[in-house]
Amino acid sequence: MSLLEVRDLSVEFPAGENSVKAVSHVSFDVREGETFGLIGESGSGKSVIGLALLRLLPANARISGEIYFQEQDLFFLKPSELRKIRGKKISLMPQNPAGALNPILKNGLQIEEVFEERGVDKKQGMKKSLGLMKKLLLKDPKKLCDLYPHQLSGGMRQRLIACMSLSFEPKLLIADEPTKGLDPEAKTGAVELFTKIKKDYGKTMLLITHDLDLALEVCDRIAVMYAGEIVELDEASKVLSTPMHPYTKGLIRAQPRNGLVPLIGQSPSRIRLSDGCLFHQRCRYSGIECSRKHPEMKNHKGGWIRCHFQSLQ
Ligand SMILES: Nc1ncnc2c1ncn2[C@@H]1O[C@H](COP(=O)(O)OP(=O)(O)OP(=O)(O)O)[C@@H](O)[C@H]1O
Ligand code: NI
């Protein structure tokens, strides 16, 4: 069963007389218990999708489509209903962990604040959090609560934020770029952390990431985004080992272990979208049709791909 259903989601931001098409006609489901990954280069629209799910986009964003969470349409919730969902049933681990912690509050107080904001007994909350911290591989949680955020390593800060995000036992955890800015050791730790959250807690997760190693280890299915659209969607192991879309192939070739072959060219303008495939100018397989006709998502070998020539690959 799907916990989350995103249907034909588009988000535009006004820019002078025009608008930036940040997300275009995105549809996907996140099934109960699964970890669903959104991958793709910077600016492809991943974070905007995460924010749209929590209705945290700025007021000037023009949003269309439908988002169902536990079969409730999130766009039609009253503010009081939305408050019940945000941070409790759906929790977001933000893209910038440093910004998520208040530098002048000791770590313990940060945790207490999460409970205080939501009118929950601090003592009870703290007790639960200490247990959670232990389980999420943070040693000596009491001592850690007595330190300030800057006294923690990047990896530890991330674990602390994970604890805060899991405090209310959310049904869905959205993690935006959890390994960004972490050193290699902390990245390995992050794989361990998310595997634990997935296996031990059975959490349903939406993982937004550039980090294909993390995606391969943790995600069940993946959607690859390019210029605001999903271009490929399938099981994570299939997408990352036998990619079908030319963009996904390029993304994987650009990984250090695959020789760091960069994708040539730049992403297209998001103000005036091309009539054709948004990737055609950078695509080595591009034909005449690709510059003229926008490809639809099609089922291919059990997965989904937006490409005119998928059957040739
Ligand atoms: N508040 C905003 N106003 C105007 N444009 C925005 C706003 N937020 C995002 N955008 C634009 O929307 C597009 C998608 O941005 P988004 O942050 O979702 O990318 P991303 O895939 O998360 O990238 P990154 O990997 O760098 O985090 C970008 O072109 C961005 O400039
Ligand atoms: Ni982002």
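Given the structure is predicted, the values throughout are model-derived calculations rather than measurements. (Residues numbered from 1 in each chain as written. Chains lettered and ligands numbered in written order. Predicted model: local features only at pLDDT ≥ 70, side-chain atom pairs only at ≥ 80, totals over all residues.)

Comments concerning the environment of Phe36
By the secondary structure assignment, Phe36 is in strand β3 (residues 35–39). For Phe36, a count of 24 C-beta atoms within 10 Å translates into the label buried. Expressed as a C-alpha distance, the spacing of Phe36 and Ala236, which sit 200 residues apart in the sequence, is 8.6 Å. (Helix = DSSP H or I, 4+ residues; strand = E, 2+ residues; numbered from the N terminus. Buried ≥ 20, exposed ≤ 12 C-beta atoms within 10 Å, placed from the backbone.)

Regarding the sheet that holds strand β11 (residues 298–300)
The sheet built from eight strands is open, its strands ordered β6-β7-β8-β3-β9-β10-β12-β11 with mixed pairing. A strand with exactly one partner marks an edge of an open sheet, and here the two such strands are β6 (90–93) and β11. This sheet shows a mean twist of 20 degrees between the axes of neighbouring strands, independent of strand direction. Here strand β9 (residues 221–226) pairs with strand β10 (residues 229–235) via six bridges, running antiparallel. Within β10, the position partnered with Tyr226 by the bridge is Glu229. Helix α7 (residues 154–166) rests against β6 and β7 (172–176) of the sheet, and its axis sits at about 165 degrees to β6. (Pairing = 2+ DSSP bridges. Axes fitted to C-alpha atoms, helices over the stretch in contact; angles between N-to-C directions. Contact = placed C-beta atoms within 7 Å.)

Describing α7
A rise of 1.5 Å per residue sets the reference length of α7, with its 13 residues, at 18 Å; its end C-alpha atoms lie 18 Å apart and thus fit the reference within 8%. In terms of residue burial, α7 counts as a mostly covered element, since eleven of its 13 residues are buried. Listed as buried for α7 are Gly155, Arg157, Gln158, Arg159, Leu160, Ile161, Ala162, Cys163, Met164, Ser165 and Leu166. (Expected span 1.5 Å × (residues − 1).)

Some details on the sheet that holds strand β2 (residues 18–31)
Taken together, four strands build an open sheet; the order of strands is β2-β1-β4-β5 and the sheet is antiparallel. Pairing within the sheet leaves two strands with one partner each, and these edge strands are β2 and β5 (72–73). Two elements, strand β1 (residues 2–15) and strand β4 (residues 62–69), share seven bridges in a ladder whose sense is antiparallel. Paired with Leu4 across the bridge in β4 is Phe69.

Quick word on the pairing of β6
Residues of β6 alternate between two faces, with Ile90 and Leu92 on one and Ser91 and Met93 on the opposite face, all of them buried. Two strands pair when backbone bridges link them, and β6 and β7 are joined in this way by four bridges, in the parallel orientation. Across the sheet, residue Ser91 finds its bridge partner in β7, namely Leu173.

Purely geometric stuff here, so don't read any function into it on its own.
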